[in-house]
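Descriptive structure summary
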Amino acid sequence: MIVINLDVMMAKRKMSLNELSEKVGITLANLSILKNNKAKAIRFSTLEAICEALDCKVEDIIEYIKE
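To keep things clear, this report deals only with the structure shown in the data block.

Here is what the cut-offs are and how they apply
Residues numbered from 1 in each chain as written. Predicted model: local features only at pLDDT ≥ 70, side-chain atom pairs only at ≥ 80, totals over all residues. Heavy atoms only, no water. Salt bridge = Lys/Arg side-chain N within 4 Å of Asp/Glu carboxyl O. Helix = DSSP H or I, 4+ residues; strand = E, 2+ residues; numbered from the N terminus. Axes fitted to C-alpha atoms, helices over the stretch in contact; angles between N-to-C directions. Parallel < 35°, antiparallel > 145°, perpendicular 65-115°, else oblique. Left-handed = near helix turned anticlockwise from the far one by under 90°. Contact = heavy atoms within 4.5 Å. Core = buried A, V, L, I, M, F, W, Y, C linked by side-chain atoms within 4.5 Å. Buried < 20%, exposed > 50% of the residue type's maximum accessible area, 1.4 Å probe, protein only.

**Thoughts on the pattern of salt bridges**
- Here the structure, examined in full by the defined rule, presents one salt bridge.
- For Lys-23, the salt bridge is made with Glu-19, and the minimal N-O distance between the two is 3.9 Å. In this pair, Lys-23 and Glu-19 both sit in helix 2 (residues 17–24), four residues apart, roughly one turn of the helix.

Structure follows, in structure tokens:
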């Protein structure tokens, strides 16, 4: 199972969903879907923008958990 830890990284960086949305250029609705592990896919360009905005690595956001 793939888990998105976006909320964890946002908390560590003390960044709100609104602030991240503005920095990345993604709607609040789409970020919320991603944050709540409801997304079925993510573009590499989106992932790159999120990592840049949160100053983190991909593995800080995406985690694989064996079921």
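**Concerning the packing of helix 2 against helix 4 (residues 44–54)**
- Running from amino to carboxyl end, helix 2 crosses helix 4 at an angle of 120 degrees, the nearest separation of the two axes being 9 Å. In this view, helix 2 runs oblique relative to helix 4, as classed from their interaxial angle. Once helix 2 is placed against helix 4, the crossing between them reads as right-handed. Between helix 2 and helix 4, the residues in contact are Leu-20, Lys-23 and Val-24 and Thr-46, Ala-49, Ile-50, Ala-53 and Leu-54, respectively.

**Observations concerning unusual backbone geometry**
- A positive phi angle, near 50 degrees, is found at Lys-14, a position not held by glycine.
- With respect to the helices and strands, the residue Lys-14 is situated in the loop between helix 1 (6–12) and helix 2.
- Of note in the backbone geometry, Asp-55 takes a positive phi value of approximately 50 degrees without being a glycine.
- On the secondary structure map, Asp-55 appears in the loop between helix 4 and helix 5 (58–61).

**Here's the deal with the nonpolar core**
- With 16 residues, the main nonpolar core has Leu-6, Leu-20, Leu-31, Ile-50, Leu-54 and Ile-61 as its most contacted residues.
- Broken down by secondary-structure element, the contributors of at least two residues to this core are helix 1, helix 2, helix 3 (28–35) and helix 4.
- Residue contacts for Leu-31: discarding those within four places in its chain leaves Leu-6, Leu-17, Leu-20, Ser-21, Ile-26 and Ile-50.

**Re the environment of Ala-49**
- Looking at where Ala-49 falls in the secondary structure, it is placed in helix 4.
- A C-alpha to C-alpha distance of 18 Å links Ala-49 and Val-3, two positions 46 residues apart in sequence.

**Observations regarding the side chain of Thr-46**
- Checked against the element boundaries, Thr-46 lands in helix 4.
- In this structure Thr-46 comes out as buried when scored by relative accessible area, which is 19%.
- With near-sequence residues (within four places) excluded, Thr-46 lies in contact with Val-24 and Ile-26.

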